[in-house]
Amino acid sequence: MKELLAKKEQMLFRLKKKKKEKNYHPSRPNQEGSLNDIAPELLQVIISVISHGKHSQFGLSDIIYNKFITHLCRDFPRDRVPLVLAPLLYAEETEIAADKVSTGNQGIVSSGIMDTSWANLVMDIGYAFTVTVEDCKNHLIKVTGREINPQDVAKILALMCRTHSNLSDSSINLPTPGAFWSSSGGQGGAGAGGSGAADSKEKVTGQPGAPSTDHVTWKPDIFVQALKEVVPSLSWKDVCVGLDHAEFVLKDRAGLNLLITTLRLGLQSMTPAQNFPAECLYRHWTNTEGQLSLITLILKNSDIFSFADYIFTSVSVELLKTPPETDNKEIMAWKSLHLVEVLLYIAENGFYTPVMELFKIPIQHCPDVLFMALLQINPPLTVLRQELFQTLIPIFLGNHPNSGAILHHAWNSASLSPSLRHIIMVSMSDWYLRGDNDQQRLSRILDVAQDLKALSNLLNVRSFHFVIDLACLASRREYLKLEKWLSDKIREHGEPFVQVMVKFLQRRCPQILGAKIIDDQIPKAAQLPHETLNTMMSCLHACVGNVQPELNEIIMTMNANCNNLLKMQQQRQPPPPNVLRQHRGIETPFNTSTLGGQIFTAPSVDSFASNMAGLNLGGPGNGAFNFGVLGNLMSTPASPSRLLTAPSNSPFSIMPMQTTPQVNMARIQPTPTGDKITMAPNTQQLFTDGTITVSKEAEDEAN
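The rules behind the values
- All residue numbers refer to position in the chain's written sequence, counted from 1.
- At least 70 in pLDDT is required for a residue's local features to be given in this predicted model, at least 80 for side-chain atom pairs to be given and counted, and no such filter applies to totals for whole chains, interfaces and linings, which use all residues.
- Only hydrogens and water are set aside; all other atoms, that is, all heavy atoms of the structure, feed into the side-chain values.
- Each helix corresponds to a stretch of at least 4 residues labelled H or I by DSSP, and each strand to a stretch of at least 2 residues labelled E; elements are numbered beginning at the N terminus.
- Three exposure classes are used, based on accessible area relative to the maximum for each residue type with a 1.4 Å probe and protein chains only: buried under 20%, partly exposed in between, and exposed over 50%.
- Contacts are assigned to residue pairs with any non-hydrogen atoms lying within 4.5 Å of each other.
- The Shrake-Rupley method, run with a 1.4 Å probe, gives the accessible areas here. Residue values count only the displayed protein chains as cover.
- The predictor attaches a confidence to each residue, called pLDDT, with possible values from 0 through 100.
- By salt bridge we mean one thing: a side-chain nitrogen of Lys or Arg within 4 Å of a carboxyl oxygen of Asp or Glu.
- Aromatic pairing here means that ring centres of Phe, Tyr or Trp (its six-membered ring) are within 6.5 Å. Orientation follows from the plane angle: under 30 degrees is stacked, over 60 is edge-to-face, and everything else is tilted.
- In this description, a nonpolar core means a group of buried Ala, Val, Leu, Ile, Met, Phe, Trp, Tyr and Cys residues linked to one another through side-chain atoms lying within 4.5 Å.
- Pairs of cysteine sulfur atoms within 2.5 Å are what we label disulfides.
- Each residue after the first adds 1.5 Å to the expected span of a helix.
- When we speak of the arc, we mean the arc of directions from the helix axis to the C-beta atoms.
- Under this scheme, a helix contributes an axis fitted over its contacting stretch, all axes are lines through C-alpha atoms, and angles between N-to-C directions fall in the 0 to 180 degree range.
- In a left-handed crossing the near helix is turned counterclockwise from the far helix by less than a right angle, and in a right-handed crossing that turn is clockwise.
- When residues are grouped by polarity, Ala, Val, Leu, Ile, Met, Phe, Trp, Tyr, Cys and Pro land in nonpolar, Asp, Glu, Lys and Arg in charged, and all others, Gly among them, in polar.

- Where an unreviewed UniProt entry is consulted, the protein chain appears under the name CCR4-NOT transcription complex subunit 1 HEAT repeat domain-containing protein, with the organism given as Phlebotomus papatasi.

In structure tokens:
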């Protein structure tokens, strides 16, 4: 004690000396005259002796005492203060106030140290902490000196999960209290606890024949059994809640397995046995990093623990034509609305990127389930939630079996409209532009817009390249009047819209700007129809004089090139069918014998030819006609060849001629002037085999 008082007086002398030092800066820990070179234990004793108004007994004024405390706080800031000085310098942030500290009550000081460094105490013992149930009970009683609460168990359990394979894996930055216990000479609870821990550790290590596996990891069953005997009324549900503390984090599958195994054993040890309180996992934790590490490992190791077994509010998927798989736990876990909601909460608290990585699993395997979950959880519409919608909508613009049902449900959503409608339209525009202006995508977008009755809304999107292309396709399908729509947009947006129209034509029809491109070099689906080109150039020509001079010149150049292009295409274009008759040469020599067959196609020609075969029609060589063969035709315009045409317009049918031994023909009436046929003088020589009586009606028909 005399030695301590001597050091105290030396310390007071140094304090008075510092008042005269002009260049003293307490914030510099390594500067000469700083208090950092004094042992923290000595400072703790000095503060305990002179605090609470006792400094006046040693001749220290209030000013000097306050400066002393201020210098200590500067030399030992909160992030570097020794453990023994923390309750004295920063009483408001410790569990034990400085007014309870005294030189004669080391037990309270030790208890305060243990409260602030529970994990350090277990770390000092090591894996020997759970070698046997009896040893674990002794450690719990000696180390704590009081009844263990659920928060203490949660901290020990978090430490075990971090150091299951190597004690050096602990990320605790607090100073190890082993050195403090050794310098304290074994006084009070700290000395007893420290020596007991060391003796126990040495005892277990020195056991003859002990298996080497006793010291390689923690044993959850022994830990749970020891707690059951030491603290029979311990609530393991409160332990689950207590996991939300600053030091909790999981690093690997083995740590998750240790945590879940311990919690399940603890819950089963309760009377009555309790089910796993999965609702603790869905709460909004203060330690979001630790919660994210736990959820991430659970999603990757569904064989240890699966959210699919603890779904409190499931996603409604009745409207989906193709329901999701029910035997895959990795997919079924995403039917939990609470899981999706808590991940969105974690993302908004500084962990956007890792949460987005987790959502890539349902985006790939069950996008319809995730989309429905995003629709059904409560607002707000967070940034990540909007990005997930924008990522999922292009999937349903493709060939997904549930596209129609999901897009209809999303477009007509009452809770998120009109924000969700805007997201859908922007997603359509982005999907089309990312596809390098793919016309098949544009056609799909137009079909969806017509199905949702959203074309008018979609054409108001501020992505001008997209809406102009969409309007051109809609006009070809007669969904709108392109000229009126373009004129309205030009009046609404002015020159910026005109500039985009020029760029659009430059991309879809580069020839109008003087580029020499063959039509085959541009895909047929991407070529702009002439009617559409003409309509757009008319609208642009109407803007001449109302835009900047540079844009005026471009429009005039485009207009001139467009006219030349249309003329050239019209010249190269073949005439429509059945307008011009192509000349056909004579493929075979002319044959008069075949001409009759080409003219007289009725079946009566064959019968008439057979009747005429036996007739001898004599006449002068220079007669008007001569029947050498049936194919010889007469040249007189009004010749009786009209009898041979079929079908006949006459009301009288052609009568077959009968062959008789003698044919007597009185006469044939002469034809009218200009259509006269000259017959042979001796008419009886025409028919020698018989006589044929011709009726008056047949004779008149012949004339």
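## Overview of the overall build of the protein chain
- When you go through the protein chain residue by residue, the secondary structure sums to 32 helices and zero strands.
- Per-residue burial over the protein chain gives 43% buried out of 703 residues.
- In the protein chain, 70% of the contacts between residues at least 6 apart in sequence involve partners at least 24 apart.
- Total accessible area on the protein chain is roughly 38,700 Å²; 52% of this is exposed by carbon and sulfur atoms.

## Some details on the environment of L458
- Among the structural elements, L458 can be located in helix α24 (residues 455-458).
- Sequence separation between L458 and H422 is 36 residues, and the spatial gap between their C-alpha atoms is 8.9 Å.
- With sequence-adjacent residues up to four places away left out, L458 is seen in contact with M425, M428, I445, A449, F466, V467 and L470.

## Examining the confidence of the model for the protein chain
- Scored by pLDDT, the protein chain comes out at a mean of 75, with 63% of its residues at no less than 70.
- Mean pLDDT values over the elements of the protein chain span from 36, in helix α9 (residues 178-183), up to 97, in helix α17 (residues 337-347).
- In this model, residues 18-30 is a region of pLDDT below 50 whose contacts with residues beyond four sequence positions or in other chains number 22 contacts.
- Note that pLDDT drops below 50 for residues 94-116; the model gives that stretch 37 contacts with residues more than four away or on any other chain.

## Here we look at the pattern of salt bridges
- One pass over the full model with this rule turns up 11 salt bridges.
- The salt bridge involving D309 is made with K329; its shortest N-O contact spans 3.2 Å. Separated by 20 residues along the polypeptide, D309 in the loop between α15 (288-300) and α16 (329-332) and K329 in helix α16 bring together distant segments of the chain.
- Taking relative accessible area as the criterion, D309 reaches 45% and is therefore assigned partly exposed.
- Taking the relative accessible area as the measure of exposure, K329 reaches 39% and is therefore partly exposed.
- The residue D488 makes a salt bridge to K484 at a minimum N-O spacing of 3.0 Å. Of the two residues, D488 and K484 are both situated in helix α26 (residues 482-493); the distance of four residues between them amounts to about one turn of the helix.
- Its relative accessible area of 27% is what places D488 among the partly exposed residues.

## With respect to the packing of aromatic side chains
- Within this structure, the stated rule accounts for 15 aromatic pairs.
- Ring geometry for Y282 against F312: centres 5.9 Å apart, planes inclined by 90°, an arrangement best described as edge-to-face. Linking Y282 in helix α14 (residues 279-282) with F312 in the loop between α15 and α16, this pair joins segments that are 30 residues apart in sequence.
- A residue is classified by how much of its surface remains accessible, and F312, at 47% relative accessible area, is partly exposed.
- Relative to F497, the ring of F464 has its centre 5.2 Å away and its plane inclined at 75°; by these criteria the two rings are edge-to-face. Separated by 33 residues along the polypeptide, F464 in helix α25 (residues 464-476) and F497 in helix α27 (residues 495-508) bring together distant segments of the chain.

## Considerations on the nonpolar core
- Counting 147 residues, the largest nonpolar core has F129, F359, W485, L505 and M536 as the members making the most contacts within it.
- Per-element tally for this core: the top contributor is α25, with nine residues.
- Aside from chain neighbours lying at most four places away, what touches M536 is I468, C472, L482, L486, M501, F504, L505 and L528.
- Listed in part, the 19 residues of the second largest apolar core include Y65, F68, V81 and L85.

## Let's talk about the state of the cysteines
- If you walk through the whole model with that rule in mind, you get zero disulfides.
- Lacking any disulfide linkage, C509 is separated from the closest cysteine sulfur, that of C562, by 6.9 Å.
- Residue classification places C509 among the buried positions, given a relative accessible area of 8%.

## A few points about helix α28 (residues 530-541)
- Taking 1.5 Å of rise per residue, the 12 residues of α28 would be expected to cover 16 Å, and the 16 Å separating its terminal C-alpha atoms lies within 8% of that figure.
- Taken together, the buried positions of α28 are occupied by T532, L533, M536, M537, C539 and L540. Angularly, the buried residues of α28 cover 160° about the axis, an arc narrow enough to put them on a single face.

## Re the packing of α27 against α28
- It is at 11 Å that the axes of α27 and α28 come closest, and there the two elements cross at 145°. Note that α27 runs across α28; the crossing there is left-handed. Side by side, α27 and α28 meet where V498, M501, V502, F504 and L505 of the first sit next to L533, M536, M537, C539 and L540 of the second.
- Partitioned by chemical class, the residues of the contact of α27 with α28 number 10 nonpolar, no polar and no charged.

## With respect to helix α13 (residues 253-269)
- In a regular helix each residue adds 1.5 Å, so 17 residues correspond to 24 Å; α13 covers 24 Å between its end C-alpha atoms and thus fits that length.
- Within the sequence span of α13, burial applies to G255, L256, L258, L259, I260, T262, L263, G266, L267 and S269.
- Where the residues of α13 are buried, they touch α8 (150-162), α11 (220-230), α12 (236-242) and α15.

## Digging into unusual backbone geometry
- Look at the link from T271 to P272: it is a cis peptide, with omega at -5°.
- Mapped onto the elements, P272 comes out in the loop between α13 and α14.
- With an omega of 5°, the peptide bond between S417 and P418 qualifies as cis.
- Tracing the chain through its elements places P418 in the loop between α21 (403-411) and α22 (419-434).
- Not every positive phi belongs to a glycine, and N437 is a case in point at roughly 60°.
- Secondary-structure assignment places N437 in the loop between α22 and α23 (439-452).
- When its relative accessible area of 19% is taken as the criterion, N437 is described as buried.

## Quick word on the side chain of N301
- Within the secondary structure, N301 sits in the loop between α15 and α16.
- In contact with N301, not counting residues within four places along its chain, are R253 and L256.

## Focus: the environment of N561
- Mapped onto the fold, N561 is located in helix α29 (residues 549-572).
- A relative accessible area of 22% means that N561 is categorised as partly exposed.
- A C-alpha to C-alpha distance of 4.9 Å links N561 and I512, two positions 49 residues apart in sequence.

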